[in-house]
Amino acid sequence: TQLDLIRNFSIVAHIDHGKSTLADRLIQMTGTVAERDMKAQILDSMDIERERGITIKANTVRIEYPAKDGKTYILNLIDTPGHVDFAYEVSRSMRAVEGSLLVVDASQGVEAQTLANVYHALDAGHEIVPVLNKIDLPAAEPERVKQNIEDVIGLDASDAIAISAKSGLGIPDVLEAIVTRLPAPKGDRDAPLKAMLVDSWYDPYLGVVVMVRIMDGVMKKGDRVRMMQTNAVYGIDKLAVLKPQMVDIAELGPGEIGIFTASIKQVRDTRVGDTITHERGGCTQALPGFKPAQPVVFCGLFPVDANDFEALRDAIEKLSLNDASFSTEMETSAALGFGFRCGFLGLLHLEVIRDRLEREYDLDLITTAPSVVFKLYMKDGEVRDLHNPADMPDLTYVDHIEEPRIKATIMVPDDYLGDILKLCQERRGVQLNLTYAGNRAMVEYDLPLAEVVFDFYDRLKSVTKGYASFDYTISEYREDFLVKMSILVNEEPVDALSIMVHRDRAEARGRAMVEKLKDLIPRHMFKIPIQAAIGARVIARETLSAMRKDVTAKCYGGDATRKKKLLEKQKAGKKRMRQFGKVEIPQEAFIAALKMD
Ligand code: GDP
Ligand code: MG
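Residues numbered from 1 in each chain as written. Chains lettered and ligands numbered in written order. Predicted model: local features only at pLDDT ≥ 70, side-chain atom pairs only at ≥ 80, totals over all residues. Heavy atoms only, no water.

Attention now moves to the sheet that holds strand E13 (residues 246-248). The strand order across the open sheet formed by eight strands is E11-E10-E16-E7-E8-E15-E12-E13, and the pairing between neighbours is antiparallel. Where the open sheet ends on each side, the last strands, each with one partner, are strand E11 (233-235) and E13. The average undirected angle you get between the axes of adjacent strands in this sheet is 40°. Pairing between strand E10 (residues 224-227) and strand E16 (residues 275-278): three bridges, direction antiparallel. When the bridges of E16 are listed, Arg-226 appears paired with Thr-277. (Pairing = 2+ DSSP bridges. Helix = DSSP H or I, 4+ residues; strand = E, 2+ residues; numbered from the N terminus. Axes fitted to C-alpha atoms, helices over the stretch in contact; angles between N-to-C directions.)

Right, let's get into the pairing of strand E30 (residues 499-502). What you see with E30 is no split at all: Ile-499 and Val-501 on one side and Met-500 and His-502 on the other are buried throughout. For strand E28 (residues 482-489) and E30, the ladder comprises four bridges, and the chain directions are antiparallel. When the sheet's bridge partners are listed, Leu-482 is paired in E30 with His-502. (Buried < 20%, exposed > 50% of the residue type's maximum accessible area, 1.4 Å probe, protein only.)

Cis geometry is adopted by the peptide bond preceding Pro-244, which originates at Lys-243 and carries an omega value of -10°. Assignment of secondary structure puts Pro-244 in the loop between strand E12 (238-242) and E13. One non-glycine residue, Asn-231, lies in the positive phi region at around 65°. Tracing the sequence through the fold places Asn-231 in the loop between E10 and E11. Residue classification places Asn-231 among the partly exposed residues on the basis of a relative accessible area of 48%.

Okay, the site of ligand 1 next. Every one of the 16 residues lining ligand 1 counts as a neighbour, but Asp-16, Lys-19, Ser-20, Thr-21 and Asp-136 are closest to it. In the model, an oxygen atom of ligand 1 is placed 2.9 Å from a nitrogen or oxygen of the Ala-165 main chain. Interatomic distance of 3.1 Å between a backbone N/O atom of Lys-166 and an oxygen atom of ligand 1. A total of 580 Å² of accessible area belongs to ligand 1 in isolation, and the protein chains cover 80% of it. (Near = heavy atom within 4 Å. Polar contact = N/O pair within 3.5 Å; in protein donor to acceptor, adjacent residues only side chain to side chain. Areas by Shrake-Rupley, 256 points an atom, 1.4 Å probe, with all protein chains shown as cover.)

Moving on, we get to the packing of aromatic side chains. The final tally for this structure, using the stated rule, is five aromatic pairs. Considering the side-chain rings of Phe-309 and Phe-340, the 5.4 Å spacing of their centres and the 5° angle between planes classify their relative orientation as stacked. One end of the pair, Phe-309, is in helix H7 (residues 309-322); the other, Phe-340, is in strand E19 (residues 337-344), and 31 residues separate them in sequence. Judged by relative accessible area, Phe-309 falls into the buried class, the value being 11%. Through successive ring pairs, a cluster of aromatic residues spans Phe-309, Phe-338 and Phe-340. (Phe/Tyr/Trp six-rings, centres within 6.5 Å; stacked < 30°, edge-to-face > 60°.)

As a further point, take the nonpolar core. Leu-357, Ile-410 and Phe-456 are the most contacted members of the largest nonpolar core, which has 49 residues in total. With sequence-adjacent residues up to four places away left out, Leu-357 is seen in contact with Leu-301, Leu-312, Ala-315, Ile-316, Leu-319, Asp-362, Leu-363 and Leu-365. In terms of nonpolar packing, the next biggest core, distinct from the first, is built from 33 residues, Val-489, Val-494, Val-514 and Phe-590 among them. (Core = buried A, V, L, I, M, F, W, Y, C linked by side-chain atoms within 4.5 Å. Contact = heavy atoms within 4.5 Å.)

Let us now look at the confidence of the model for the protein. This prediction gives the protein a mean pLDDT of 86; 88% of its residues lie at or above 70. Here residues 52-58 is a poorly scored stretch, pLDDT under 50, and it has 33 contacts once near neighbours within four places are set aside; other chains count. Scored as a whole, the predicted complex attains pTM 0.72, and scored at its interfaces, ipTM 0.99. (pLDDT = per-residue confidence, 0-100.)

UniProt records the feature "binding site: GTP" (unreviewed entry) at Asp-16, His-17, Gly-18, Lys-19, Ser-20, Thr-21, Asn-133, Lys-134, Ile-135 and Asp-136, using the numbering of this structure. On the basis of relative accessible area, Gly-18 is assigned to the buried category, the value being 11%. Apart from residues lying up to four places away in sequence, Gly-18 is in contact with Asn-133 and Ala-165. With respect to the element layout, Ser-20 can be found in helix H1 (residues 19-29). (UniProt positions renumbered as here; feature names shortened; annotations may be inferred.)

Here we come to the sheet that holds strand E1 (residues 6-13). An order of E2-E3-E1-E4-E5-E6 is seen for the six strands of this open sheet, with the pairing classed as mixed. Both edges of this open sheet fall to strand E2 (59-66) and strand E6 (161-162), since each of them pairs with a single strand only. Where E1 and strand E3 (residues 72-79) come together, six bridges link them in parallel fashion. Looking across to E3, one finds that Arg-7 is bridged to Leu-75. Packing against the sheet, H1 makes contact with E1, E2, E3 and strand E4 (99-105), and its axis sits at approximately 150° to E1. Along the sheet, helix H4 (residues 112-123) makes contact with E1, E4 and strand E5 (127-133), crossing E1 at roughly 155°.

Another point: a negative patch on the surface. The grouping of Glu-150, Asp-151, Asp-156 and Asp-159 at the surface amounts to a negative patch. Within the element layout of this structure, Asp-156 appears in the loop between helix H5 (142-153) and E6. The exposed category is assigned to Asp-156, whose relative accessible area is 54%. (Patch = residues over 30% accessible without salt bridge, like charges linked within 9 Å, V, L, I, M, F, W, Y side chains within 5 Å. Salt bridge = Lys/Arg side-chain N within 4 Å of Asp/Glu carboxyl O. Lys, Arg positive; Asp, Glu negative; His and termini not counted. Charge placed at Lys NZ, Arg CZ, Asp CG, Glu CD.)

Here we come to the pattern of salt bridges. Evaluated as defined, the whole model comprises 28 salt bridges. For Glu-111, the salt bridge is made with Arg-440, and the minimal N-O distance between the two is 2.8 Å. Linking Glu-111 in the loop between E4 and H4 with Arg-440 in strand E26 (residues 440-448), this pair joins segments that are 329 residues apart in sequence. The burial state of Glu-111 is the same as that of Arg-440; both residues are buried. Linking Lys-422 and Glu-426 is a salt bridge whose minimum nitrogen-to-oxygen distance equals 3.5 Å. Of the two residues, Lys-422 and Glu-426 are both situated in helix H9 (residues 417-426); the distance of four residues between them amounts to about one turn of the helix. Its relative accessible area of 56% is what places Lys-422 among the exposed residues.

This is the structure in structure tokens:
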């Protein structure tokens, strides 16, 4: 295809502003997918994405569009994820295209992820077309939101296109704008092959599928290609474009986006950002590489039933075939037996993986407290990464501890600003900046990642009734007075409940945890002390009193249905109980005990 007949673009938006719906309309109105095969959110192919309404893996589709100038253009849309955990996917896919549609909900305005994503696009040198969506809503204020885009992002929004992705209003204008306002790709067909590895995923039938953007040269089926970072050579078995299902193609030229397969075994063998060239007569200069995604949140995953360990190992192996950013190693816990310590890009990533393990592989799992990676500076000069608080060495060997800090950007209606400042202060935040755009405040905080990974986002949503938006980037490691707090149940430490905590916050956290545990652990036939301790020093204590065996005993008299319900509840609870010495602790306790209300 001629370069001037190609347009490559992505859609950037805050979550729920209508990116997937707009993609659906573009696919539908160009007849890319037959009407009978059309379903909502066609690019969000994983069930879990569809259910949660989030896009996890970047997806792509090739659309043919006959424009008003009489020529037919090829439009390649790369759909990018909208959630902060997947920021790395956004920045990588941005480099493969020349322009972006910036979708802003006309009843909401610019939100934190609008900003974060548009910065990725600007960093990648994109031309940007602002689009105001949901103008069918009575609450839509397109003029105000135009001003908002100019004030907050500093982008000219006078030519913004007003649309309703839901009804289809304005979609033809979007298609025309893609052709007239976004630049065509550049590239030299006669130069040696230079292709960017944009994404890869594991397909059970095809093996690893590699998505590429051709910068220079031509890629053909049967070609032998070299990955420049790993130096591995592969023969291309299949070359296709995504419409969005695979359609075989003879060659891909400059500016084009497509996929190939080449008997590659695992996603780890394909490094995103790598340059692919021909084995012979290839290019010599690789594209500037991307930085690999680093897991930042770690937790332990253990089977509820120890007999499921092999099944869990299998499932984890299969999932990591497809997700190079998910890291695992075996872990043994005195309390929980054999399991895995897993690293994730963030909490959503953790949830998604855990959900898939439970759902697709039918496993019951115990998830231990999420933790960040601390850096231990030992007295002998060694620097260690601490992935698991249970591995914390004796403090006498440790000189000091550093923790990761983030720069958080929060946007919120000014009515709620006070609550946000209070929340950030409680989480050891340091305010960096505060600005206003209309009646919305934008506040920047320096926060410890450890205080954010668990329930910060939920708290933020609840104190602002959902009106706040949040985004962050990891800034640096910094020293602080951090200690390991252990939890003892019936005098025995439960390693899976140990956490790293700031010394000044230890008493409060410890008290909150033992109080929660007291409610979460069912009574036994004997008294159970529940304690929080730093080293040998107990800083908080509760005692769970002994109880009679019959749980229905407290339902005096006749309410039979209530008794039955209680017994059923007890039975369901049993499934996820775990034995610690003489005490049974339910699965929920591990997560709930760590919530900071
Ligand atoms: P994404 O998170 O940016 O992909 O957003 P979605 O496309 O999933 O849309 C989020 C919600 O907004 C869904 O419930 C859509 O039906 C709704 N939505 C999207 N576009 C419009 C629109 O133009 N008008 C209205 N009223 N609702 C819309
Ligand atoms: Mg979506």
